[in-house]
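Inside the fold
Chain by chain, the residues run as shown.
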Amino acid sequence: MQANRPGAVAAPAPPLVPTVLAVWLSVFRPCFTAPVWRHVLVLVAGAVLAPGKRTVTQALRVMGLSDEPGFSRYHEVLNRARWDARALARRLLLHVLDRLLPAGPVVIGIDDTIERRWGARISARGIYRDPVRSSKGHFVKTSGLRWLSLMVIVPIPWAARQWALPFLTILAPSARWSQARGKRHKTLTALARQAILQTRRWLPNRMLIFVGDNGFAALDLLAVVRRHVCMITRLRLDANLFKPARARRPGQRGRTPLKGRPLPKLKAVLNNPKTTWTTVIVSQWYGDQQRTLQTATGTAVWYHSGLPPVPIRWVLVRDPLGEHEPQAFLSTDLDAAPETILQWFVSRWRVETTFQEARAHLGVETQRQWSDLAILRTTPALLGLFSLITIWASELAQGQGGMLRCHAAAWYQKKDPTFSDAIAAVRRVLWWSPLDYSMSRTRVDTVVMPLRLLKRFLETLSLAA
């Protein structure tokens, strides 16, 4: 071994990832130190290029680093390195809006999902109702991690529809986890309240509309966030609705009333022949391009004993064809039009599509981390990668190279690209980089057999036959 000469400069190591990926991810560079950033680039490239499972080792294999002795450094990016996931979520949200929705109201879908995981070391897991396998008459339980995800819903021109792009995903631990650590258990609505107010601080100058399912139709949640954002959720047909309370008179004694006289239940409004119905046309209603519906609307105060009252606009919807059951929705914006409320709520269904695509193409539920910090970071990172790939594909769609193409089949007809086409386009860009990922790597343990030895071996085989 030769000693290094004074003043000698070591040859720079060849880059492991294409330059284009470093440019795409440059918005997140200030959140990491230089050593961690180099490892982050490798993991992101491996997560995009890897088929099947999205483990750290799988990412290293696809990047040609299966013989890397320092592989533990890549694991430490998730289970030990110091970086702020909330700062990354803020940068991702601003990056998505800057590229895809620079102005106008921002519609954000909020929903929870179950990541099916087993293992004694996964302390935050619980037993939950499986929303995919369960139905009204069939209850299925599953073991896993519960996540609360916020996704900004933006139009994607090349896909001819709106997509839900995740930017903030929060772990909702089980009650058993909180009890074992002596902590106060935070319900899903409590976590949703914190996430909504945090997003409001990130976007102080934009109109925010949060759209959730009936799990977020909670009076304690709506009472806190309605002064900051507009909230759209489902509403029970038997909800207790009242007229607004009268103004307090001068010299009036006693407590200020919280509500006025009761109003009929929405179920009674639905069956009342005197109800005035208005015809509206809503696009993407249960998968249809356009659907003619009948709506009735009004304002009221939703109140339940022991909870704060919430002024709402309710919208009652029925299908003239009778194919779908009547439904009710609420908005904390009393001036919103019924058709606008319905369009906002319909856009929430893109959240379910995002969860499905992330499982199919980004390997969500296939990661194998068991440390608490790695679990907190991995699933939000994979969901955030869905948003990044969509942004990168949008840039490729605007270019002249024709990288974004719609891949159809005889059994799968489609007119517009989907996420599978988007990730395929990004992979092609990475494969065709100067690093040449598309070629098989040369192995150093190849043995060249002499020609005379090969002839002798073939002669032996022929005599044995």
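This write-up is about the structure you can find in this document. This structure is a prediction, so every number in the text was calculated from the model and none was measured.

Some details on the packing of helix H4 (residues 72-79) against helix H12 (residues 372-398)
Across the interface, H4 lies against H12 with an axial gap of 7 Å and an inter-helix angle of 80 degrees. Taken as axis vectors, H4 and H12 run roughly perpendicular relative to one another. On H12, the residues that touch Val77, Leu78 and Asn79 of H4 are Leu373, Ala374, Arg377 and Thr378. Here the residues of the contact of H4 with H12 are counted per class, giving four nonpolar, two polar and one charged.

A short note on unusual backbone geometry
We note that Ala160 has phi near 60 degrees; this positive angle belongs to a residue other than glycine. Position of Ala160 among the secondary structure elements: in the loop between strand E3 (141-156) and strand E4 (161-171). By relative accessible area, which is 53% here, Ala160 ends up exposed. Despite not being glycine, Glu365 has its phi angle at roughly 85 degrees, a positive value. Locating Glu365 in the fold gives a position in the loop between helix H11 (350-361) and H12. For Glu365, a relative accessible area of 18% corresponds to the buried category.

Notes on empty space enclosed by the protein
For the structure shown, the criterion picks out two cavities of 30 Å³ or more. When its volume is computed, the largest cavity comes out at roughly 60 Å³. Around the largest cavity, the lining residues are Thr113, Ile114, Glu115, Trp147, Phe355, Ala358, Arg359, Val364, Thr379 and Leu383. Those elements that provide at least two residues to the lining of the largest cavity are strand E1 (106-116), H11 and H12. When grouped by side-chain class, the residues that make up the lining of the largest cavity number six nonpolar, two polar and two charged. Lining the second largest cavity are Trp285, Leu293, Val317, Arg318, Asp319, His324, Glu325 and Gln327. Among the residues forming the lining of the second largest cavity, the class breakdown is three nonpolar, two polar and three charged.

A word on the pairing of E3
Across the 16 residues that make up E3, a large majority, 13, are buried. With ten bridges connecting them, E1 and E3 associate as antiparallel partners. Bridge pairing in E3 places Val107 opposite Ile153. Note that strand E2 (residues 126-129) and E3 share four bridges and pair antiparallel.

Observations concerning helix H2 (residues 34-49)
Here H2 spans 23 Å end to end across 16 residues, near enough to the 22 Å set by a 1.5 Å rise per residue. Within H2, 13 of the 16 residues are buried, leaving the element largely enclosed by the surrounding structure.

Observations regarding a nonpolar patch on the surface
Taken together, the side chains of Leu451, Leu454, Phe457, Leu458 and Leu461 make up a nonpolar region of the molecular surface, amounting to roughly 480 Å² of accessible area. Note that Leu461 resides in helix H14 (residues 451-464). By relative accessible area, which is 45% here, Leu461 ends up partly exposed.

About the criteria used
Residues numbered from 1 in each chain as written. Predicted model: local features only at pLDDT ≥ 70, side-chain atom pairs only at ≥ 80, totals over all residues. Heavy atoms only, no water. Axes fitted to C-alpha atoms, helices over the stretch in contact; angles between N-to-C directions. Helix = DSSP H or I, 4+ residues; strand = E, 2+ residues; numbered from the N terminus. Parallel < 35°, antiparallel > 145°, perpendicular 65-115°, else oblique. Contact = heavy atoms within 4.5 Å. Nonpolar A, V, L, I, M, F, W, Y, C, P; charged D, E, K, R; others polar. Buried < 20%, exposed > 50% of the residue type's maximum accessible area, 1.4 Å probe, protein only. 1 Å grid on protein atoms, 1.4 Å probe; cavity = no way out; pocket = protein on both sides within 12 Å on 5 of 7 lines; lining within 4 Å. Points joined across faces, edges and corners; volume = space filled by probe spheres on them. Pairing = 2+ DSSP bridges. Expected span 1.5 Å × (residues − 1). Patch = residues over 30% accessible without salt bridge, like charges linked within 9 Å, V, L, I, M, F, W, Y side chains within 5 Å. Areas by Shrake-Rupley, 256 points an atom, 1.4 Å probe, with all protein chains shown as cover. Salt bridge = Lys/Arg side-chain N within 4 Å of Asp/Glu carboxyl O.

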